[in-house]
Amino acid sequence: MSTITDTRSTLTGLTPLPPASGRAGFGGALRSEWTKIRSVKSTVWTLAAAIIISVGISTLGNWGQASHTSLSAADLARRDLVQRSMFGIMLGQLVMVVFGALAITSEYATGMVRTSLTAQPRRLHVYFAKLVIVTVIAFVVGEIISFASFLIGTHFWATKGVDLSLSSHGALQAVIGGGLYLDGAALLAFGVGAALRHTAGTITVGVFLLFVVSIIVNFMPDSWQADIDKYLPANAGGQVWATQHTADVGTAFGAWAGFAVYICYAVIALLAGLLVFKRKDA
Amino acid sequence: MIEVRDLVKRYGATTAVDHLSFTVQPGRITGFLGPNGAGKSTTMRLILGLDRPTSGSALIEGKPYRDLPDPLRHVGALLEARAVHGGRTAFNHLLYLAQTQGVPKRRVQQVLELVGLQPVANKRTKGFSLGMSQRLGIAAALLADPRILILDEPVNGLDPEGIVWIRDLMKALAAEGRTILVSSHLMNEMAVTADHLVVVGRGRLQADMPVAQFIAQFSGSAVLVRSPQLETLRAAVAEKGWQCTPSGQEGAVVVTGTTAPELGELAAARGLVLHELTPQRASLEEAFMELTREVGQFAHRAPGQPEPADAPVPGQYAPPSGQPDAGFTAPGAPGAGAGQPRGGNDGGH
Ligand SMILES: Nc1ncnc2c1ncn2[C@@H]1O[C@H](COP(=O)(O)OP(=O)(O)O)[C@@H](O)[C@H]1O
Ligand SMILES: [Mg+2]
């Protein structure tokens, strides 16, 4: 560290900056947040893990089910094979929770959030720029997962004589919905993360809401279950990546109504996160 | 210019900043001095709009920090050097800051060069020493050529060479007419760095004056006197209302409240033999301890909080005049007092 000898020059050797040009605006915040998220390996690895785990589990599941079923093609066609083909989303959603959580909590873990908010003290800019970046990335990765899972799955079912494709009844909506569902999981975690500022706590809450709640409800009396079940995040959100929405799963929500309920959870978390991010000491 | 007006910040039962008011003028280095837990970092966070004041305000060029259109061009701040994501490279850390307000990319390379981190620009900051992290923090602060610099204990973790480097850098920046607020808990470091001092203890303002005035006012003068007729001399000194304190040496005492000529004249008038008559200046560090002493007793302990290890212990330090001349030579030596190993930033938050 002995490279500094001429301290007299201080900043004179540096490029003169263009005259102060107005505001640190939302565009700058977006560019900055994009750089932040792409420049750490943990993000890249988390997303790679989401894809590998989800598509991998989907593939294994479809291979296993297709090669061991004794049902006829006609019986199989009555099942929601589209949703089954994307089975890996059940685990992928947890990795998306980790991604959404880290996008915000890692700044608190390191204390870097203070540097960020010194550069851009208008906190809503920072919050929404992060939100946009997380939403877009989680959407793209989510769609990669759902489309890859489905397209791989169709091959296994084709060996059983079931002709499944994106033009099958409800398939395109369900496959797009699979990606949207994953996006929702990331957003839910992002909101919780902004409110809690703690990685492990955020992931715990995310897993609780998406997984554990359903298990608890299973232990409730049947009459309660019927009322509560469809409102649970995973069940409501599950409708958007399914092709059948009837008594099958005990719910009355259609695809988009279910998705709306699911997104409500994310929106509530995001609003709570926004309030904390805006008001609380950094 | 930075204006702090009647600023108060409470965290539960702890009052971290207690009705603090001062201004930081351009063209000079203002040392923000106080023992650990005095509220320096909190004040800086309040100035930067990171924490919300309980009451009062802090203004940058007349505006709250949040209202600065392009804050990095007004203010460069170094708060905690370790507050970077270890998985990101030095270059990318500066890049995302630059992008918030359209600072050109080549500027990132240039500030990295300026602080000597060019060779590790593309290394992840996880492996950086505390000194390298401090340099990265300085680079971030200088990124957009700000008129104002706010540096929280920037010499922490630097080797003596680094300390001299940063001191020279700050002096050069101040000479260019920039406003510099730099905090420290080390009086000796500030004595050789700062032009002006704002001293805090327990969140309250203790002094706000030029360094020279601080020295003149707070480091009381004293005289070491050696005499074979020490007992008679003691009596004469007591008659005059001056104080004798032990010097730690056989046959000599330290007399405070007077000067060498006065004491010499007194001895001559009484016909006393003197073997030595040496003026003493108390060290600045002692003056600082003295100043923050009565508040130091409470400053570091919120109810139920352990006392920080390196907080000055009340009563441990002799009054300014009671010790031999140590402090005035120390500041001249590069890094004196500041190079002690310290574990990271001072705790507290
Ligand atoms: N976020 C916080 N929450 C609670 N107490 C805090 C917080 N930040 C600082 N404090 C307390 O405020 C006082 C001043 O701390 P600080 O500003 O860090 O002092 P300094 O930087 O002068 O060492 C300390 O008692 C510290 O424990
Ligand atoms: Mg501090």
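Residues numbered from 1 in each chain as written. Chains lettered and ligands numbered in written order. Predicted model: local features only at pLDDT ≥ 70, side-chain atom pairs only at ≥ 80, totals over all residues. Heavy atoms only, no water.

Asks: Would you mind going over the overall build of chain B with me for this structure?
Replies: Regarding its fold elements, chain B presents eleven helices and 13 strands. A buried classification covers 56% of the 349 residues belonging to chain B. Excluding contacts between residues fewer than 6 apart, the proportion of contacts in chain B whose partners are at least 24 apart in sequence is 72%. Entry remark: accessible area of chain B is about 13,400 Å², with carbon and sulfur atoms responsible for 53%. (Helix = DSSP H or I, 4+ residues; strand = E, 2+ residues; numbered from the N terminus. Buried < 20%, exposed > 50% of the residue type's maximum accessible area, 1.4 Å probe, protein only. Contact = heavy atoms within 4.5 Å. Areas by Shrake-Rupley, 256 points an atom, 1.4 Å probe, with all protein chains shown as cover.)

Asks: I'm lost on the domain arrangement of chain B in this one. Help?
Replies: The accessible area lost on association of the parts is a frequent measure of interface size. Examined at the domain level, chain B breaks down into domain 1 (2–216) and domain 2 (220–279). On a C-alpha basis, the centres of domain 1 of chain B and domain 2 of chain B stand 46 Å from each other. (Domains from an automatic or database assignment.)

Asks: Help me understand the UniProt feature "transmembrane region" (unreviewed entry) in chain A, please; the structure alone is not making it clear to me.
Replies: Residues and elements named next belong to chain A. UniProt records the feature "transmembrane region" (unreviewed entry) at residues 44–65, 85–105, 126–152, 172–196, 203–221 and 253–277, using the numbering of this structure. With 100% helix and 0% strand, residues 126–152 has its two end C-alpha atoms placed 39 Å apart. Between the C-alpha atoms that bound residues 203–221 the distance is 29 Å, and the span itself is 84% helix and 0% strand. (UniProt positions renumbered as here; feature names shortened; annotations may be inferred.)

Asks: Sorry, what's going on with helix α8 (residues 211–218) of chain B here?
Replies: Side chains three or four residues apart in an α-helix point the same way, a direct result of the helix having 3.6 residues per turn. All names here are of chain B. Three or more residues of α8 are buried, namely Val211, Phe214 and Ile215. End-on view of α8: buried residues confined to an arc of 100°, all on one side of the axis. Away from its buried face, by an angle of more than 90 degrees, α8 presents the exposed residues Ala212 and Ala216. (Arc of directions from axis to C-beta.)

Asks: Can you walk me through helix α10 (residues 260–270) of chain B in this structure?
Replies: All names here are of chain B. Residues Ala260, Leu263, Leu266 and Ala267 constitute the buried set of α10. For α10, the arc enclosing every buried residue in end-on projection is 130°, short of the 170-degree limit, so these residues lie on one face. Along α10, the residues that are exposed and aim more than 90 degrees away from the buried face are Pro261, Glu265, Ala268 and Ala269. Gly271, located one to two residues past α10, shows a positive phi value of around 70°.

Asks: I keep staring at empty space enclosed by the protein and nothing clicks. Help me out?
Replies: Rolled over the atoms, a probe sized like a water molecule indicates the empty space that remains. Residue and element names in this part refer to chain A. Counted according to the given criterion, the structure contains ten cavities of 30 Å³ or more. Looking at the largest cavity, its volume works out to about 190 Å³. In this structure, the largest cavity is lined by 18 residues; those nearest its centre are Ile37, Thr43, Leu102, Ala103 and Ser106. Among the secondary structure elements, those contributing two or more residues to the lining of the largest cavity are α1 (26–38), α2 (41–68), α5 (89–110) and α7 (123–158). Considering only enclosed or pocket space, the second largest cavity measures out at about 150 Å³ in volume. Among the elements that take part in the lining of the second largest cavity, helix α6 (residues 112–119) stands out by supplying three residues, more than any other. (1 Å grid on protein atoms, 1.4 Å probe; cavity = no way out; pocket = protein on both sides within 12 Å on 5 of 7 lines; lining within 4 Å. Points joined across faces, edges and corners; volume = space filled by probe spheres on them.)

Asks: Explain the sheet that holds strand β4 (residues 55–60) of chain B to me, please; I cannot follow it from the model alone.
Replies: What links the strands of a sheet is backbone hydrogen bonding, and the strands pair in either a parallel or an antiparallel sense. Residues and elements named next belong to chain B. Ordered by their spatial adjacency, three strands build an open sheet running β2-β1-β4, and the pairing between neighbours is antiparallel. The two strands at the open ends of the sheet, each matched to only one other strand, are β2 (14–24) and β4. Taking the axes of each pair of neighbouring strands and ignoring which way they run, one obtains an average angle of 20° across the sheet. Both strand β1 (residues 2–11) and β2 contribute to a ladder of seven bridges, which runs antiparallel. (Pairing = 2+ DSSP bridges. Axes fitted to C-alpha atoms, helices over the stretch in contact; angles between N-to-C directions.)

Asks: Would you take a moment to explain a nonpolar patch on the surface for this structure?
Replies: Residue and element names in this part refer to chain A. A contiguous nonpolar surface patch, about 610 Å² in accessible area, is contributed by Phe26, Leu124, Phe128, Val132, Val136, Phe139, Val140 and Ile144. Looking at which element gives the most residues to the nonpolar patch, the answer is α7, with seven residues. Relative accessible area serves as the criterion here: at 34%, Phe128 is assigned to the partly exposed category. (Patch = residues over 30% accessible without salt bridge, like charges linked within 9 Å, V, L, I, M, F, W, Y side chains within 5 Å. Salt bridge = Lys/Arg side-chain N within 4 Å of Asp/Glu carboxyl O.)

Asks: Please clarify how the environment of B:Leu143 should be interpreted in this entry.
Replies: Mapped onto the secondary structure, B:Leu143 falls in the loop between α5 (130–142) and β6 (148–152). Note: C-alpha distance between B:Leu143 and B:Leu274 (131 residues apart in sequence) is 62 Å. Sequence-distant contacts of B:Leu143, defined by excluding residues within four places in its chain, comprise A:Leu17, B:Leu94, B:Leu97, B:Ala98, B:Val103, B:Arg107, B:Val108 and B:Val111.

Asks: Mind showing me how you'd approach the pairing of strand β9 (residues 204–210) of chain B here?
Replies: Across a regular strand the side chains alternate sides, sitting on one face of the sheet and then on the other. All names here are of chain B. With six bridges connecting them, strand β8 (residues 196–201) and β9 associate as antiparallel partners. Across the sheet, residue Leu197 finds its bridge partner in β9, namely Met209. Between the antiparallel neighbours β8 and β9 lie two residues, among them Arg202 with a positive phi of about 50°.

Asks: I'm lost on unusual backbone geometry in this one. Help?
Replies: Peptide bonds are mostly trans, and most non-glycine residues show a negative phi. Residues and elements named next belong to chain B. A positive phi is found at His19, a non-glycine position, where the angle reads about 50°. Relative to the helices and strands, His19 is located in strand β2. Phi is positive for Glu61, close to 45°, though the residue is something other than glycine. Residue placement: Glu61 occurs in the loop between β4 and α2 (71–74).

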